[in-house]
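Listed here are the chains, written in short residue letters.
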Amino acid sequence: MEICFATNNDNKLQEIRELLPDFHILSLKDIGHSGDLPEDQNTLEGNSHQKAEYVFKNYNVDCFSDDTGLEVFALDGEPGVYSARYAGVHHDSEANMRLLLDKMADIGDRSAQFRTVITLILDGKVKQFEGVVKGTILKSKAGEKGFGYDPIFQPKGFDSSFAEMSSEEKNKISHRGEAVKKLVQYLNHLSK
Ligand code: IMP
């Protein structure tokens, strides 16, 4: 089955393709789209829906889109929906991590979660799936793998950060992994 994953993030495309080996996942490039998709809502649910709807309306393909945020409880859910541009510039992971570590310098409760919302638009019908992984924000970076906030996030029950795990290990327990599992279960159930 062909389905477009409405993202420009090659890391995420690679992760999703590993998680969905039985599907032909089209990229935005594959459907002829270049540039960013609109995402100006103030919730993960809103942004995720906005991106999928844009692709469905403009390219008329089945698609799904994800939106993820790192939610730190002691900071009332920051950086949340603003995770990509927390320090002001889009996708400057080093600056984002530095700002978060600075803000948390005197905070004892370092609990946080990554949360992903996937919006699927299939034959025009909209469905959302959520995945969450709980953990803690480390005091300094550990590991070189992954992307974004991976070096400072340690999932609950593990001794290493996401950036110290292989992509297979991370996919098994990650927020996106959980949301994608729900998406896959739904798609498999429909095709029976
Ligand atoms: P997006 O909405 O899924 O693009 O994610 C927004 C931002 O959250 C990204 O730019 C990253 O900074 C961060 N992020 C998303 N997923 C992950 C992850 O799996 N690990 C670390 N950071 C992530």
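In this text, all values refer to a predicted model and were calculated from it rather than measured experimentally.

The rules behind each value
- All residue numbers refer to position in the chain's written sequence, counted from 1.
- Predicted model: local features are reported for residues with pLDDT of at least 70 only, side-chain atom pairs are reported and counted for 80 or more only, and whole-chain, interface and lining totals are derived from all residues.
- Working from all heavy atoms in the structure, the side-chain values ignore hydrogens and water.
- Planes of paired rings set the category: under 30 degrees apart is stacked, over 60 is edge-to-face and the rest tilted, where pairs are Phe, Tyr or Trp rings (Trp by its six-membered ring) whose centres lie within 6.5 Å.
- Only DSSP runs of H or I covering at least 4 residues are called helices, and only runs of E covering at least 2 are called strands; the numbering of each starts at the N terminus.
- When accessible area is computed with a 1.4 Å probe and restricted to protein chains, residues below 20% of their type maximum are described as buried, those above 50% as exposed, and intermediate ones as partly exposed.
- Charge over a ring is defined by NZ of Lys or CZ of Arg lying within 6 Å of the ring centre and within 35 degrees of the ring normal.
- Cavities and pockets are defined on a 1 Å grid built over the protein atoms alone: a cavity is a set of grid points where a 1.4 Å probe fits but cannot escape, while a pocket is an open set with protein on both sides within 12 Å along at least five of seven lines, and lining residues are those with an atom within 4 Å of any such point.
- Grid points are joined across faces, edges and corners, and a volume is the space filled by probe spheres set on the points.
- Under the scheme applied here, ten amino acids are nonpolar (Ala, Val, Leu, Ile, Met, Phe, Trp, Tyr, Cys and Pro), four are charged (Asp, Glu, Lys and Arg), and all others, including Gly, are polar.
- Whether a residue is near a molecule or strand depends on its heavy atoms: if one lies within 4 Å, it is near.
- We define a polar contact as two N or O atoms separated by no more than 3.5 Å, with the added condition that, inside protein, one atom must be a possible hydrogen donor and the other a possible acceptor, whereas residues neighbouring each other in sequence contribute only through side-chain atom pairs.
- What decides whether a molecule sits in a cavity or pocket is whether more than half of its atoms lie within 2 Å of the grid points.
- Two strands qualify as a pair provided DSSP detects at least 2 bridges between them.

Chemist: Help me out: how do you make sense of the packing of aromatic side chains in this one?
Modeler: Two numbers describe a pair of aromatic rings. These are the distance of the centres and the angle of the planes. Going through the model one piece at a time under the given rule, you end up with five aromatic pairs. With centroids separated by 4.8 Å and ring planes inclined at 20 degrees, the aromatic side chains of F5 and F64 adopt a geometry described as stacked. Residue F5 is found in strand β1 (residues 2-5), and its partner F64 is found in strand β3 (residues 63-72); the two are separated by 59 residues along the sequence. When its relative accessible area of 1% is taken as the criterion, F5 is described as buried. Its relative accessible area of 0% is what places F64 among the buried residues. Through a chain of ring-to-ring contacts, three or more aromatic side chains come together here, namely F114, F153 and F162. In this structure, K170 is placed above the aromatic ring of F162, and the distance from its NZ or CZ to the ring centre is 5.3 Å.

Chemist: Mind showing me how you'd approach the layout of surface pockets here?
Modeler: Leftover empty space is mapped by rolling, across the atoms, a probe with the size of a water molecule. The volume enclosed by the largest pocket comes to roughly 820 Å³. Where the lining of the largest pocket is concerned, the elements lending two or more residues are α1 (10-19), α2 (44-59), β3, α3 (93-103) and α5 (175-191). Looking at which element gives the most residues to the lining of the largest pocket, the answer is β3, with five residues. Broken down by class, the residue content of the lining of the largest pocket amounts to ten nonpolar, 15 polar and eleven charged. Estimates place the volume of the second largest pocket at around 200 Å³. Considering the residues around the second largest pocket, the lining is formed by N11, Q14, E15, E18, K145, G146, F147, F162, M165, S166, S167 and K170. Elements with a minimum of two residues in the lining of the second largest pocket: α1 and α4 (167-173). With four residues, α1 is the largest single contributor of residues to the lining of the second largest pocket. Here the lining of the second largest pocket is built from residues that sort into three nonpolar, five polar and four charged.

Chemist: What exactly am I supposed to notice about the site of the ligand here?
Modeler: Around the ligand, a shell composed of 14 residues is seen, among which K12, D67, D150, K170 and R176 lie nearest. In the environment of the ligand, an oxygen atom lies 2.5 Å from a nitrogen or oxygen atom belonging to the side chain of K12. With respect to the ligand, the side chain of D67 contributes an N or O atom lying 2.8 Å from an oxygen atom. Among the cavities detected, the one that contains the ligand is the largest pocket. Breaking the shell around the ligand down by element, the ones donating at least two residues are β3 and α5. The class makeup of the residues in the shell around the ligand is four nonpolar, five polar and five charged.

Chemist: Whenever I open this one, the pairing of β3 confuses me. Can you help?
Modeler: Consecutive side chains of a regular strand alternate in pointing toward one face of the sheet and then the other. Here β3 lies mainly inside the structure; ten of its ten residues are buried. Across the two faces of β3 the burial is the same, with C63, S65, D67, G69 and E71 and F64, D66, T68, L70 and V72 all buried. Strand direction decides the pairing type here: β1 and β3, joined by two bridges, are parallel. If you follow F5 over to β3, its bridge partner there is F64. Bridge count for β3 against strand β5 (residues 111-122) is ten bridges, and the pairing is antiparallel. When the bridges of β5 are listed, D66 appears paired with I118. Looking at chain direction, β3 and strand β4 (residues 78-80) are connected through three bridges and run antiparallel.

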